[in-house]
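Residue strings, one per chain:
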Amino acid sequence: MCPEPGGIQEVAPGVYWLHMPMPFTLNRINLWLLRDGDDWTVVDTGLDLPASRLIWEQIFDGLMAGRRISRVIVTHMHPDHMGLAGWLVQRFGCELWMSRDEFLMGRNLVADTGREAPELAIRFYRAAGYDDEALDTYRRRFGDFGKLVAPLPESFRRLVDGETIEINGQYWQIVTGAGHSPEHVCLYCPTQKLLISGDQVLPRISPNVSVYPTEPHGDPLTEWLNSCHRLRAQLPADLLVLPAHQEPFTGLPTRMTQLIDSHERGLSRLYELLSEPRRAIDCFSALFARDIGSGERMLAIGETLAHLHCLLARRMISQRLDDDGRSWYLQRH
C-alpha cells in the first residue's frame, strides 16, 4: 500500500519509503530513507519547493529525530531527484554521492537559469518542426530546470558502476544505466534482495528517453535499450524493485522485456510511417496513443527524436535538412 502524501512506510528492515508529492501530472516521487548505524542515508530528495522542505522538516522532527543524515545519494540529475540535495548536504554537513556524468550535467543545466535560450537550441527545435509560437514558448521556459534545484555543493563523492558501498552493515552494489539520463545510478542489495531503481525501470510507465539540444546527435534510446538488456541479464529475478515513481514491484526480468519490446514495436511503427518524408513533429502518432498537448510537446519531441536517431544508427532511415532548416526523415532503400 502506498503511503499518503508526505507519509512513510517501512518496506524492508531499515528501508523506508517516503511519498513526496509533486505539482505535475506525474504527481509524486518515491524517496528512500535508509538507516545507517546511528545516522541515515537518503536516496533522492524531491523538488526544491516549500512544500517539500516542510515535509523534510517534519521527518527531521519525527522518524529522524536525534539522528543526522550522513550522506545524500542521488540516482540522477533531474530536479525531482536532485532538487533538495544541496539543501540537505548544507544542513547536515554531509557529502553528495552521485555518478560523475550526472553531477556535471546537473550543474551544467542549473547554470542555464537566467540565460536566454541559445540560438543552437532554437535551430534544434525548428529542425524538429516547431513553429514560431512553439519556439517563443520554449524561449520563455528556457532555464526552468534550475528553478526547482537548490544550489548544489561544489564537490561530490563519485559513484562508479560495480563498486560496493556499505549501508547499515549491508553491502549495496552500484549498477548504472543510461538513456533516461547520462549515468543513472541504481542500488542493488543482494542480502535484502532489493533494487532501488530510480527512473531506470518503472513498473507501469516507460522512462522518458529524449534527445536534447545539449547533445543534438545523441542516441539515448540505443543506450537505454542496451542498459535494459544488461540489467535483465545481470540482476536476479527475485528482487523487490523500489522505483522512483508508482509502487514497488517484483518480476524485474519480465518488466525489462516488456519495456524493450514496447520500444521495439514503437520503432517498427515509426519506420512504417516513414514511407513518406516526415519531420519529428509529424511522427507522434507512431509513438503516442493520445494527442500531445503543448505542455507535453518538448518531452514528446525529445522522445520522438530518440527513436529517429536509433533508426538512423541502425541505418534504416535517412535524414536531410531543407532550405528552411527543417529535418526530414525517410526510409532507406
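Predicted, not measured: the structure shown is a model, and the values here were computed from it.

Procedures and definitions
Residues numbered from 1 in each chain as written. Predicted model: local features only at pLDDT ≥ 70, side-chain atom pairs only at ≥ 80, totals over all residues. Heavy atoms only, no water. Helix = DSSP H or I, 4+ residues; strand = E, 2+ residues; numbered from the N terminus. Rg over C-alpha atoms; globule rule 2.2 N^0.38 Å. Contact = heavy atoms within 4.5 Å. Areas by Shrake-Rupley, 256 points an atom, 1.4 Å probe, with all protein chains shown as cover. Lys, Arg positive; Asp, Glu negative; His and termini not counted. Charge placed at Lys NZ, Arg CZ, Asp CG, Glu CD. Salt bridge = Lys/Arg side-chain N within 4 Å of Asp/Glu carboxyl O. Buried < 20%, exposed > 50% of the residue type's maximum accessible area, 1.4 Å probe, protein only. Pairing = 2+ DSSP bridges.

A. Spotlight on the overall build of the chain. The number of helices and strands found in the chain is 10 helices and 14 strands. Relative to a compact globule of 333 residues, whose C-alpha radius of gyration would be 20 Å, the chain shows 20 Å and is just as compact. Overall, the C-alpha framework of the chain stretches about 65 × 45 × 35 Å when taken along its three principal axes. Counting only contacts in the chain whose residues sit at least 6 apart along the sequence, the fraction spanning at least 24 positions is 64%. Within the structure as shown, the chain displays about 15,100 Å² of accessible surface, and the carbon and sulfur contribution to it stands at 49%. Counting 34 positive and 43 negative side-chain charges, the chain places the centres of these two groups 2 Å from one another.

B. Broad picture of the pattern of salt bridges. As enumerated under the stated definition, the model contains 16 salt bridges in all. Note that Asp112 is salt-bridged to Arg115, the shortest N-O span being 2.5 Å. For Asp112, a relative accessible area of 13% puts it in the buried group. Where Arg157 meets Glu163, a salt bridge forms, and the shortest distance between an N and an O atom there is 3.1 Å. What makes Arg157 partly exposed here is its relative accessible area of 26%. Salt bridges here are not isolated pairs; linked through shared partners, they connect Arg28, Arg204 and Glu247.

C. Geometry of the sheet that holds strand E7 (residues 157–158). The sheet built from 7 strands is open, its strands ordered E1-E2-E3-E4-E5-E6-E7 with mixed pairing. Edge positions in the open sheet fall to strand E1 (8–12) and E7, since each of these has one partner strand only. Bridge count between E1 and strand E2 (residues 15–21): 4 bridges; the pairing is antiparallel. Note that in E2 the partner of Ile8 across the bridge is Leu18.

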